[in-house]
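Structural overview for review
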Amino acid sequence: HDQTLADMTRLHRRIARLQTLPSVPGEDLRGIARALKDSMQELRQLIDAVKPTVLQLFGFEEGVEDLLRRSVRDSGLSIETRLQDSTDGMGDRLPESVKVAVFRIIQEAVNNAIRHAMPDSIVIHISHTGGLLQLTIDDDGLGLDVGNGFNSGGIQNMQVRAQLMAAQLFIERGPAGRGTRVRVCLPLADLAIVDEAAAVCAPAFLTETPCKSC
Ligand SMILES: Nc1ncnc2c1ncn2[C@@H]1O[C@H](COP(=O)(O)OP(=O)(O)OP(=O)(O)O)[C@@H](O)[C@H]1O
Ligand SMILES: [Mg+2]
């Protein structure tokens with residue numbers, strides 16, 4: 001968030017400086033237009049994160065489909081996307097705060113795949129077994145450095161969101177050893193007793209180990 005504001009402040013300064021010139025070179029304007037477009041995209045994502053309207057209006061599945069469609073469209077890349085939900089609409093039966101948290105985790109994982117991985121495809125699976133909701137977001141792109149710790153940014157936000165709903169979040173190699181998998185194990189029985197104040201900020205980690213309850 002701070003980054004977007006800093007980018008826009010810099011842009012404002014650049015424009016203010018150009019105002020003092022008798023004429024403005026086209027290249028300067030092109031640079032500003034590009035930077036503005038980036039900031040607009042960041043802001044759009046920020047607004048989506050605060051209030052995922054489609055989620056509220058049309059439900060979880062349509063919200064996620066819409067997110068996939070728009071994220072890929074805005075990236076200008078050619079990425080195949082798929083949502084496989086075998087839970088018979090469990091997303092919509094989650095408490096509102098949990099539903100939004102799951103949506104935001106998906107949003108960050110999809111954005112990361114698009115921004116960093118250059119994937120051919122992004123696949124989201126949602127399944128429900130033995131009192132657990134299991135969510136995976138897979139890309140078949142460049143992959144992450146194994147052993148890396150992430151103490152800030154989107155990955156840590158995902159981790160914190162997972163902790164707030166007493167879920168576990170893992171960042172792993174993608175299926176077939178390619179790309180990246182973000183995996184969330186959400187115990188459904190505990191939802192009513194989640195104590196948000198007890199959630200602790202911990203660094204995300206990479207693991208190949210399944211969570212105990214999965
Ligand atoms: N799916 C992915 N494939 C490849 N690399 C990734 C993927 N997701 C994250 N990364 C790497 O991990 C780093 C940390 O990701 P993180 O989401 O925390 O930060 P960010 O995306 O760089 O910035 P932001 O704070 O805006 O999310 C990224 O900069 C990128 O190098
Ligand atoms: Mg990110």
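The following paragraphs examine the structure supplied in this document. The residue numbers shown here count from 1 along each chain, following its written sequence. Chains and ligands are labelled by the order in which they are written, letters from A for the one and numbers from 1 for the other. Selection of residues for local features in this predicted model requires a pLDDT of at least 70, selection of side-chain atom pairs for listing and counting requires 80 or more, and totals for whole chains, interfaces and linings are taken over all residues. As a convention, hydrogens and water are excluded, and side-chain values are obtained from all of the structure's heavy atoms.

**Some points on the layout of surface pockets**
In this structure, the second largest pocket occupies an estimated 310 Å³ of space. A 1.4 Å probe that fits but cannot get out identifies a cavity on a 1 Å grid over protein atoms alone, an open set with protein on both sides within 12 Å along at least five of seven lines counts as a pocket, and a residue lines either if it has an atom within 4 Å of a point. Around the second largest pocket, the lining is made up of 15 residues, and of these Asp-38, Ser-39, Gln-41, Glu-42 and Arg-115 lie nearest the centre. For the purposes of this entry, the term helix denotes a DSSP run of H or I that reaches at least four residues, the term strand denotes a run of E that reaches at least two, and both are numbered from the N terminus. Elements with a contribution of two residues or more to the lining of the second largest pocket: α1 (2–19), α2 (26–50), α4 (60–75) and α6 (96–117). In this classification, Asp, Glu, Lys and Arg are treated as charged, Ala, Val, Leu, Ile, Met, Phe, Trp, Tyr, Cys and Pro as nonpolar, and every other residue, Gly included, as polar. Among the residues making up the lining of the second largest pocket, the classes are represented as three nonpolar, six polar and six charged. Grid points are joined across faces, edges and corners, and a volume is the space filled by probe spheres set on the points.

**A look at the coordination of the magnesium ion (ligand 2)**
By definition of the ideal shapes, four donors in a tetrahedron about a metal sit 109.5 degrees apart, and six donors in an octahedron sit 90 or 180 degrees apart. The magnesium ion (ligand 2) binds to the protein through Glu-108 (OE) and Asn-112 (OD1), with metal-donor distances spanning 2.1 Å. Taken together, the positions of Glu-108 and Asn-112, both in helix α6 and four residues apart, correspond to about one turn of that helix. The rule for donors is simple: N, O or S, within 2.8 Å of the metal, or within 3.2 Å if the metal is Na, K or Ca. Water isn't counted, so a site may look like it is missing partners.

**Some thoughts on the pattern of salt bridges**
We count a salt bridge whenever a side-chain nitrogen from Lys or Arg sits within 4 Å of a carboxyl oxygen from Asp or Glu. One pass over the full model with this rule turns up 13 salt bridges. Between Asp-66 and Arg-70 there is a salt bridge, and its shortest N-O distance comes to 3.0 Å. Here Asp-66 pairs with Arg-70, and both are found in helix α4, just four residues apart, close to one helical turn. Note on classification: 1.4 Å probe, protein chains only; a residue is buried when its accessible area is under 20% of the maximum for its type, exposed when over 50%, partly exposed between these limits. On the basis of relative accessibility, which here comes to 22%, the residue Arg-70 falls in the partly exposed class. Linking Arg-178 and Asp-120 is a salt bridge whose minimum nitrogen-to-oxygen distance equals 4.0 Å. A residue pair is termed long-range when its members are at least 10 positions apart, and Arg-178 in the loop between β4 (168–173) and β5 (180–187) and Asp-120 in the loop between α6 and β2 (121–129) qualify at 58 residues. Looking at Asp-120, the relative accessible area reads 49%, which means it is partly exposed. Counted as one network, the salt bridges with shared partners bring together Glu-62, Asp-66, Arg-69 and Arg-70.

**As for the sheet that holds strand β3 (residues 132–139)**
DSSP bridges decide pairing: two strands pair if at least two such bridges lie between them. With respect to topology, five strands assemble into an open sheet ordered β1-β2-β3-β5-β4, the strand pairing being mixed. Here the strands that pair on one side only, and so sit at the sheet edges, are β1 (80–85) and β4. Adjacent strand axes in the sheet meet at a mean angle of 10 degrees, parallel and antiparallel pairs treated alike. Examined bridge by bridge, β2 and β3 share eight bridges and lie antiparallel to one another. By the bridge assignment, Ser-127 is partnered in β3 with Gln-134. Convention adopted: a line fitted to C-alpha atoms gives each axis, helices being fitted over their contacting stretch, and angles between N-to-C directions are expressed from 0 to 180 degrees.

**Points about the side chain of Asp-140**
For Asp-140, the location among the structural elements is in the loop between β3 and α7 (153–164). The charged-residue count follows a simple rule in which Lys and Arg add positive charge and Asp and Glu add negative charge, with His and chain termini not counted at all. One buried charge, Asp-140, has no salt-bridge partner; the nearest side chain with opposite charge is Arg-178, at 4.1 Å. Each polar contact in these results corresponds to two N or O atoms within 3.5 Å; when the atoms are within protein, one needs to be able to donate a hydrogen and the other to accept it, and residues that are neighboring in sequence are counted only if both atoms are side-chain atoms. Of the polar contacts made by the side chain of Asp-140, one reaches the backbone nitrogen of Ser-121; its length is 2.9 Å. In contact with Asp-140, other than residues within four places in its own chain, are Pro-119, Asp-120, Ser-121, Arg-178 and Gly-179. Note on contacts: a residue pair qualifies if any of its non-hydrogen atoms lie within 4.5 Å across the two residues.

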